Amino acid sequence: MAVRPPATAPATTTAASRPSPDALLGLFPPGTSTAPDGALRIGGCHVGELAARHGTPALLVDEGALRARARRYADALAVRRPGSTVVFASKAFPCTAVYRLLAEEGLGVDVASGGELALALAAGTDPARVIVHGNAKTDAFLRAAVEARVGLVVIDSFDDIDRLERLLAEPAAATGSAAYRQPVLVRVTPDIRPDTHAAVSTGQRDSKFGLLVPQAREAIARLRGSDRLRLDGLHVHIGSQILDTEPFVRAVAAVAELGTFPVYDLGGGLGARYTYNDRPPSVEAYLDALTAAADALLPAGARIVIEPGRSLVAGAGVSLYRVVTVKRAHGETFVAVDGGMGDNLEVPLYGQRFEATVATRPGGGTDGELCRVVGRHCESGDVLSAGVLLDDPRPGDLIAVPVTGAYTYSLANNYNAARRPPVVFCRDGRSRPVVRRETYADLMRRDLP
């Protein structure tokens, strides 16, 4: 299995491979442009004005681009497999405003915790369009799901069956109706290991998720005899940041062998384009492969569910920082910004590569300097992007890092007691914060005397 090099790998960008301005803008949300003074505009908003109004670091989201991406998924699936459903894998960006926006666009939501469920419901998501996931669902999480009447619970273990049947046997006051049967899917582990980082590969034999095929058959038989649970179908998900359609096709074939059902949830996992060299399949190519396999192997009338997460939200996000220090030492130029692994943990966790640019002078310039963009945290691994060409970086400059709409918000943390940044929606030249910046009071809010 190929694993991406760590974020601290030697720089590979050279003057000969200097990206063009168009290539750079191609990593930013569609519609990103430059103002007359050369600075980036995100959702029509000038980065200098965004920094002045909302401060840095900040996670900017091009609202129009996110809505367009959701519609692209929904429309492309509807054409290829009418009656099927797009569900947002919300662990990628569990923000109330994002839940609300995607609900407005007609998408369902998958949740993997009680917190994600609470956020989705608070945002107005129809419970019938919620799918509950998780390899270790607690009684409290399952009880909340049952009481909310979520559309589907994905069975990840035999313990899930035991807990759900026990909860559904509780007095009617707890669940609303003693006759209620919770619709469920069985998550199948197909023994497929896609080419991605080991930490986000979930379909292989040694995965903590799901049931191997012999166990899945046993769960199916048990559920068919349950008077508390209604087996609607099967679920499969093999990982994240997958840049090839072939493993998805093999996953469809794996679940097809388990029988005929009304619902097949084929998960998500399509990769996002983080770097100039990444070439993920388009939404349309991904769905062509997925639905062709479904048409060939699954019942014609079955409802297909897909769960895009990273590939839905990543490209709509841009992280904006301000340069604090520029240090030239050991033959390298270190550009230190006012954020880092507190707001982007993808780099140290997964070795994910991100590009970066001076936001007011995008591109490397004719004499661009090869730089290592680093964060402010007390950790040598606090690197945002190594080997990027920046145009004469100076303290006070703004640095923009594209493709940060997935998992940066989810994994944001308070390392060094840093305050987590705001989330700012940008659209048609207007910006609005949807999550405020943390305060020092927030850091102490849970402290007890």
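See the structure shown above.
Here goes a summary of the coordinates provided. As the structure is a computational prediction, the values presented were derived from the model and not from experiment.

### With respect to the overall build of the protein
Piece 1. A count of helical and extended segments in the protein gives 15 helices and 21 strands.
Piece 2. A compact globule built from 449 residues should have a C-alpha radius of gyration of about 22 Å, and the protein, at 23 Å, falls within 12% of that.
Piece 3. Overall size of the protein, expressed as C-alpha extent along the three principal axes, is 70 × 55 × 40 Å.
Piece 4. Residue pairs in contact within the protein that sit at least 24 positions apart in sequence constitute 73% of those at least 6 positions apart.
Piece 5. Here the protein displays about 18,100 Å² of accessible surface, and carbon together with sulfur accounts for 52% of that area.

### Details of the side chain of Thr291
Piece 1. Relative to the helices and strands, Thr291 resides in helix α11 (residues 283-297).
Piece 2. Note on Thr291: relative accessible area 7%, which makes it buried.
Piece 3. At a separation of 2.6 Å, a polar atom in the side chain of Thr291 contacts the main-chain carbonyl oxygen of Leu287.
Piece 4. When sequence neighbours within four positions are dropped, the list of residues in contact with Thr291 reads Leu77, Arg80 and Arg81.

### Some points on the packing of aromatic side chains
Each aromatic ring pair is summarised here by two numbers: the centre-to-centre distance and the angle between the ring planes.
Piece 1. In total, this model carries 4 aromatic pairs according to the counting rule given.
Piece 2. Their ring planes at 75° and their centres at 5.1 Å tell us that Phe248 and Tyr286 sit as a pair that is edge-to-face. Residue Phe248 is located in helix α10 (residues 246-256), and its partner Tyr286 is located in helix α11; the two are separated by 38 residues in the primary sequence.
Piece 3. Residue Phe248 is classed as buried on the basis of its relative accessible area, which comes to 3%.
Piece 4. With a centroid separation of 5.2 Å and 80° between ring planes, the pair formed by Tyr274 and Phe354 is classed as edge-to-face. With a gap of 80 residues between them, Tyr274 in the loop between β12 (263-265) and α11 and Phe354 in the loop between α13 (346-350) and β16 (357-358) connect regions that are remote in the sequence.
Piece 5. For Tyr274, a relative accessible area of 0% translates into the label buried.
Piece 6. One Lys or Arg, Arg149, reaches over the ring of Tyr180 and ends 3.8 Å from the middle of that ring.
Piece 7. For Arg419, the ring lying beneath its charged end belongs to Tyr440, and the centroid distance is 4.5 Å.

### Quick look at the pattern of salt bridges
Piece 1. On inspection of all chains with the given rule, the structure shows 27 salt bridges.
Piece 2. As a salt-bridge pair, Arg420 and Glu438 come within 2.7 Å of each other at their nearest N and O atoms. Of this pair, Arg420 sits in the loop between α14 (408-411) and β20 (423-427) while Glu438 sits in the loop between β21 (430-435) and α15 (440-444), and the two are 18 residues apart along the sequence.
Piece 3. Judged by relative accessible area, which is 36%, Arg420 ranks as partly exposed.
Piece 4. Salt-bridge contacts for Asp442 lead to Arg436; the nearest nitrogen and oxygen are separated by 2.6 Å.
Piece 5. Given a relative accessible area of 16%, Asp442 falls into the buried group.
Piece 6. Its relative accessible area of 51% is what places Arg436 among the exposed residues.
Piece 7. Ionic contacts of the salt-bridge type, sharing partners, join the residues Glu63, Arg67, Arg71, Glu104, Glu105, Arg427, Asp428 and Arg432 into one network.

### Points about the packing of helix α3 (residues 63-80) against helix α4 (residues 96-104)
Piece 1. At a closest axis distance of 10 Å, the pairing of α3 and α4 adopts a crossing angle of 45°. With respect to each other, α3 and α4 are oriented oblique. Every pair of crossing elements has a handedness; the one defined by α3 and α4 is right-handed. Here Glu63, Leu66, Arg67 and Ala70 of α3 come into contact with α4, specifically with Val98, Leu101, Leu102 and Glu104.

### Overview of the side chain of His237
Piece 1. Here His237 is to be found in the loop between β11 (229-235) and α10.
Piece 2. There is a polar contact of 3.1 Å between the side chain of His237 and the backbone nitrogen of Gly268.

Conventions and cut-offs
- Residue positions are given per chain, counted from 1 along the sequence in the order it is written.
- For a predicted model such as this one, the threshold for reporting local features is a pLDDT of at least 70, and the threshold for listing and counting side-chain atom pairs is 80 or more; totals across whole chains, interfaces and linings nevertheless cover every residue.
- Just so you know, side-chain values use all the structure's heavy atoms and leave hydrogens and water out.
- Only DSSP runs of H or I reaching four residues or more are called helices, and only runs of E reaching two or more are called strands; each is numbered from the N terminus.
- We compute the radius of gyration over the C-alpha atoms and compare it with the globule rule, which gives 2.2 Å times the number of residues raised to the power 0.38.
- Here, two residues are considered to be in contact whenever any of their heavy atoms come within 4.5 Å of each other.
- Each accessible area value is a Shrake-Rupley result obtained with a 1.4 Å probe; residue values ignore everything except the protein chains displayed when judging cover.
- Think of it in three bands: residues with accessible area under 20% of the maximum for their type are buried, residues over 50% are exposed, and the middle band is partly exposed, with areas taken using a 1.4 Å probe on protein chains only.
- Here a polar contact means two N or O atoms within 3.5 Å. Within protein one must be a hydrogen donor candidate and the other an acceptor candidate, and residues neighboring in sequence count only if both atoms are side-chain atoms.
- Pairing of aromatic rings covers Phe, Tyr and Trp, the last counted by its six-membered ring, and requires centre-to-centre distances within 6.5 Å; plane angles under 30 degrees mean stacked, over 60 mean edge-to-face, and any other angle means tilted.
- Working rule: Lys NZ or Arg CZ, within 6 Å of ring centre, within 35 degrees of ring normal, means a charge sits over the ring.
- The term salt bridge refers to a pairing of a side-chain nitrogen on Lys or Arg with a carboxyl oxygen on Asp or Glu at a separation within 4 Å.
- Convention adopted: a line fitted to C-alpha atoms gives each axis, helices being fitted over their contacting stretch, and angles between N-to-C directions are expressed from 0 to 180 degrees.
- By definition in this entry, angles of less than 35 degrees are roughly parallel, angles greater than 145 are roughly antiparallel, angles of 65 to 115 are roughly perpendicular, and the rest are oblique.
- Crossings are sorted by hand: turned counterclockwise from the far helix by less than a right angle, the near helix makes the crossing left-handed, and turned clockwise it makes it right-handed.

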